[in-house]
Amino acid sequence: MRRTEEIQTPRGPARVDLDLPEGDPASLLVLGHGAGGDVDAPDLVALRDAAVAAGVGVVRVTQPYRVAGRRAPAPAGQLDEAWSAVVGAVRQRHPAGPALVVGGRSSGARVACRTAVALGAAGVVALAFPLHPPGRPERSRADELATGLPTLVVNGDRDPFGVPAPGPGVRVETRPGERHDLRRDPAGTAAVAVAWLRERGWAR
């Protein structure tokens, strides 16, 4: 089942694209997009398709600034606030539902990491996590990955935003030949993520 709807947030309406598998979902995976991108990025679409086929309900969230037609991202606090409102609304509709896994690509992965604990997530899937601005390794964002939750990071080995190091509870899978957009083999990237979900009982 697939449907699209708007959810009101303190920062304006967000859009959600919901895809449900046949039968009861093994988990609910909520994904956010990159700073200037959208939820139709190749890696997000491939992950949606593979996850739904593995019995996962997938919600792709378009932030209010993108719904309003802007490409420049809102400040981090506003992104977190809008995301939290959307995830909260989704959970209200599935109060006794499956485990919640949050994630996304690039900026969306950072938002998911920053809010995961407060939202009661069971785990995090971070695609193309931007460890630092290009050429600025001293401005590391590695602390955002330290959520205490099981976390999967999938980055390309040629990503100019860097590749995080593994840590407690944080698995890092490096995709050869991939850059920040993870466009060379989206299906392969999705397969890595679904295998990790399956290991934890969050996919069939």
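Scroll up for the structure.
This write-up is about the structure you can find in this document. Position labels on residues start from 1 in each chain and follow its written sequence. Side-chain atom pairs in this predicted model are given and counted only at pLDDT of 80 or more, local residue features only at pLDDT of at least 70, and totals for whole chains, interfaces and linings cover all residues. Side-chain numbers here rest on the full set of heavy atoms in the structure, without hydrogens or water.

## A closer look at the packing of aromatic side chains
Phase 1 of the analysis: Here a pair means two rings of Phe, Tyr or Trp (six-membered ring of Trp) with centres within 6.5 Å. Their orientation is stacked below 30 degrees between planes, edge-to-face above 60, and tilted elsewhere. In the structure shown here, the tally under the stated rule is one aromatic pair.
Phase 2 of the analysis: Seen from their ring centres, W196 and W202 are 5.7 Å apart, and the 70° between their planes marks the pair as edge-to-face. Here W196 matches W202 in class, with each residue buried. A 1.4 Å probe rolled over the protein chains alone gives each residue an accessible area, and that area as a share of the maximum for its type sets the label: buried under 20%, exposed over 50%, partly exposed in between.

## Details of the environment of A54
Phase 1 of the analysis: Along the chain, A54 turns up in the loop between α1 (42-53) and β4 (56-62).
Phase 2 of the analysis: Distance in space between the C-alpha atoms of A54 and S27 is 10.0 Å, their sequence separation being 27 residues.
Phase 3 of the analysis: The contact criterion used throughout is that any non-hydrogen atoms of two residues lie within 4.5 Å. Discounting chain neighbours no more than four positions away, the residues touching A54 are V194, R198, A203 and R204. Counting from the N terminus, the helices are DSSP H or I runs at least four residues long and the strands are E runs at least two residues long.

## Details of helix α3 (residues 76-93)
Phase 1 of the analysis: Here α3 spans 26 Å end to end across 18 residues, near enough to the 26 Å set by a 1.5 Å rise per residue.
Phase 2 of the analysis: Along α3, the residues classified as buried are L79, D80, A82, W83, V86, V87, A89 and V90. The span expected for a helix works out to 1.5 Å for each residue beyond the first.

## Structural notes on helix α5 (residues 186-199)
Phase 1 of the analysis: Taking 1.5 Å of rise per residue, the 14 residues of α5 would be expected to cover 20 Å, and the 20 Å separating its terminal C-alpha atoms lies within 8% of that figure.
Phase 2 of the analysis: Considered for burial, the residues of α5 that qualify are P186, G188, T189, A190, V192, A193, V194, W196 and L197.
Phase 3 of the analysis: On its buried face, α5 is in contact with β3 (27-32), α1, β5 (99-105), β6 (123-127), β7 (151-156) and β8 (170-175).
Phase 4 of the analysis: Count one or two residues on from α5 and you reach G201, which has phi positive near 75°.

## Section: the environment of E173
Phase 1 of the analysis: The residue E173 is located in strand β8 in this model.
Phase 2 of the analysis: Spatially, the C-alpha atom of E173 lies 6.1 Å from that of V153, the residues being 20 residues apart in sequence.
Phase 3 of the analysis: Apart from the residues lying within four places of it in its own chain, the contact partners of E173 are L152, V153, V154, N155 and V192.

## Thoughts on the packing of α1 against α5
Phase 1 of the analysis: Their axes nearest at 8 Å, the elements α1 and α5 cross at an angle of 50°. Taken as axis vectors, α1 and α5 run oblique relative to one another. Considering only the axes of α1 and α5, their crossing is right-handed. Contacts between α1 and α5 involve P42, D43, A46, L47, A50 and A51 from the former and P186, A187, A190, A193 and V194 from the latter. Axis definition: a line fit to C-alpha positions, over the contact stretch in the case of helices; interaxial angles, taken between N-to-C directions, run 0 to 180 degrees. Roughly parallel refers to an angle under 35 degrees, roughly antiparallel to one over 145, roughly perpendicular to one between 65 and 115, and oblique to any angle outside these ranges. By definition, any crossing whose near helix is turned counterclockwise from its far helix by less than a right angle is left-handed, and any crossing with a clockwise turn is right-handed.

## Considerations on the nonpolar core
Phase 1 of the analysis: Buried Ala, Val, Leu, Ile, Met, Phe, Trp, Tyr and Cys residues form a nonpolar core when they are joined through side-chain atoms within 4.5 Å. With 33 residues, the main nonpolar core has V59, W83 and V102 as its most contacted residues.
Phase 2 of the analysis: Broken down by secondary-structure element, the contributors of at least two residues to this core are β2 (12-19), β3, β4, α3, β5, α4 (107-115), β6 and β8.
Phase 3 of the analysis: Here this core gets six residues from one element, more than from any other, and that element is α3.
Phase 4 of the analysis: Among the nonpolar cores identified, the runner-up in size contains 25 residues, and V58, L127, A190 and A193 belong to it.

## Side note on unusual backbone geometry
Phase 1 of the analysis: The backbone phi angle of S106 is positive, close to 55°, even though this residue is not glycine.
Phase 2 of the analysis: By the secondary structure assignment, S106 is in the loop between β5 and α4.
Phase 3 of the analysis: According to the relative accessible area criterion, S106 is buried, its value standing at 11%.
Phase 4 of the analysis: For A128, which is not a glycine, the phi torsion comes out positive at approximately 55°.
Phase 5 of the analysis: Tracing the backbone shows A128 in the loop between β6 and β7.
Phase 6 of the analysis: Look at A128 and you get buried, because its relative accessible area is 1%.

Remember, this is a structural readout, not a statement about activity or role.
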